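An overview of the molecular structure
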Amino acid sequence: MKTTQALSAVMLAVAALTTGCASTNNSTGTGYSTRADAATYGTIESIQVVRVDPATSGAGAVAGGLVGALVGNQIGSGGGRTAATAAGAIGGALVGNKVEENRNAPHDIYQISVRLDNGDYRTVNQDSAYDLRAGSRVRMVDGRVYRY
């Protein structure tokens with residue numbers, strides 16, 4: 001029992017002494033707090049405007065067809081109900097596809113090419129390049145480029 005306590009005391013003393021010797025000085029001279037921060041700063045090399053024309057996924061047509069079929073099923077009885085359900089499904093699919101097309105209208109984005117301070121090269125697409133120019137110093141945060 002005494003040897004366990006003595007061993008524990010020695011281990012605790014060694015841990016306390018080695019913790020005091022640890023250095024927290026970051027003297028890399030780059031001004032960054034960690035190497036990972038060096039990967040977030042850089043210089044813009046180019047900015048290009050790119051036209052994006054997203055395609056429809058078909059989800060709008062499927063959702064519209066289901067809603068149309070449900071509405072059409074509420075009309076009539078027998079053969080008329082079947083015809084109304086089919087017409088509702090077709091009409092709903094057409095309307096749903098058109099709504100999805102309108103939501104996914106072609107638009108312009110800015111493709112920003114950045115040379116990072118650690119030597120890497122990144123290209124970021126974003127909807128605005130408000131105050132960014134080629135040669136600007138920037139910081140990348142959550143996939144976006146900001147001037148600093």
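Computed from a predicted model, the values in this text were never measured in an experiment. Just so you know, the residues in each chain are numbered from 1, in the order the chain's sequence is written. Only residues with pLDDT of at least 70 are given local features in this predicted model, and only at 80 or more are side-chain atom pairs given and counted; all residues enter the totals for whole chains, interfaces and linings. As a convention, hydrogens and water are excluded, and side-chain values are obtained from all of the structure's heavy atoms.

1. Points about the overall build of the chain
The numbering of helices and of strands both runs from the N terminus, where a helix is a DSSP run of H or I of at least 4 residues and a strand a run of E of at least 2. In terms of helices and strands, the chain carries four helices and five strands. Moving toward the C terminus, one meets the helices and strands of the chain in the order α-α-β-α-α-β-β-β-β. For the chain, with 148 residues in total, the buried portion stands at 20%. Here the accessible surface of atoms and residues is derived via Shrake-Rupley with a 1.4 Å probe, and residues count as covered only by protein chains that are part of the display. When the accessible surface of the chain is summed, it comes to about 10300 Å², and 58% of that surface belongs to carbon and sulfur atoms. Only protein chains enter the area calculation, which uses a 1.4 Å probe; residues under 20% of their type maximum are buried, those over 50% are exposed, and those in between are partly exposed.

2. Some points on the environment of alanine 55
One can find alanine 55 in the loop between strand 1 (41-52) and helix 3 (59-73). Here alanine 55 falls in the exposed class, since its relative accessible area comes to 66%.

3. Some thoughts on helix 4 (residues 79-103)
Given a helix with a known number of residues, its expected span is that number minus one, times 1.5 Å. Here helix 4 is 25 residues long and its end C-alpha atoms lie 36 Å apart, about the 36 Å a rise of 1.5 Å per residue gives. Here helix 4 has its buried residues at Ala84, Gly88, Gly92, Gly96 and Glu100.

4. Looking at the environment of glycine 96
Within the element layout of this structure, glycine 96 appears in helix 4. In this structure glycine 96 comes out as buried when scored by relative accessible area, which is 11%. Spatially, the C-alpha atom of glycine 96 lies 9.3 Å from that of valine 67, the residues being 29 residues apart in sequence. For this analysis, residues touch if any pair of their heavy atoms sits within 4.5 Å. Those residues within four positions of glycine 96 in sequence are excluded, and the remaining contacts are Gly60, Ala61 and Gly64.

5. Observations concerning helix 3
For helix 3, built from 15 residues, the straight-helix expectation of 21 Å at 1.5 Å per residue is met to within 8% by its first-to-last C-alpha distance of 21 Å. Buried residues along helix 3 sit in contact with helix 4.

6. Digging into the sheet that holds strand 4 (residues 137-141)
In short, DSSP must find at least two bridges between two strands for them to pair. Taken in spatial order, the five strands line up as 3-2-1-4-5 in an open sheet, and their pairing is antiparallel. In this open sheet, the two strands that pair with only one neighbour each are strand 3 (121-126) and strand 5 (144-147). Taking each pair of neighbouring strands and ignoring which way they run, the sheet shows an average axis angle of 40 degrees. Bridge count for strand 2 (residues 107-116) against strand 3 is six bridges, and the pairing is antiparallel. Whenever a helix is involved, its axis is fitted only over the stretch in contact; in every case the axis is a line through C-alpha atoms, and angles between N-to-C directions fall within 0 to 180 degrees.

7. Here we look at the confidence of the model for the chain
For residues with low pLDDT, the predicted coordinates do not support detailed interpretation. Along the chain, pLDDT gives the predictor's confidence residue by residue, from 0 to 100. Considering every residue of the chain, the mean pLDDT works out to 79; 74% of them sit at 70 or more. The low-confidence segment residues 23-32, where pLDDT is below 50, has eight contacts with residues more than four positions distant or belonging to other chains.

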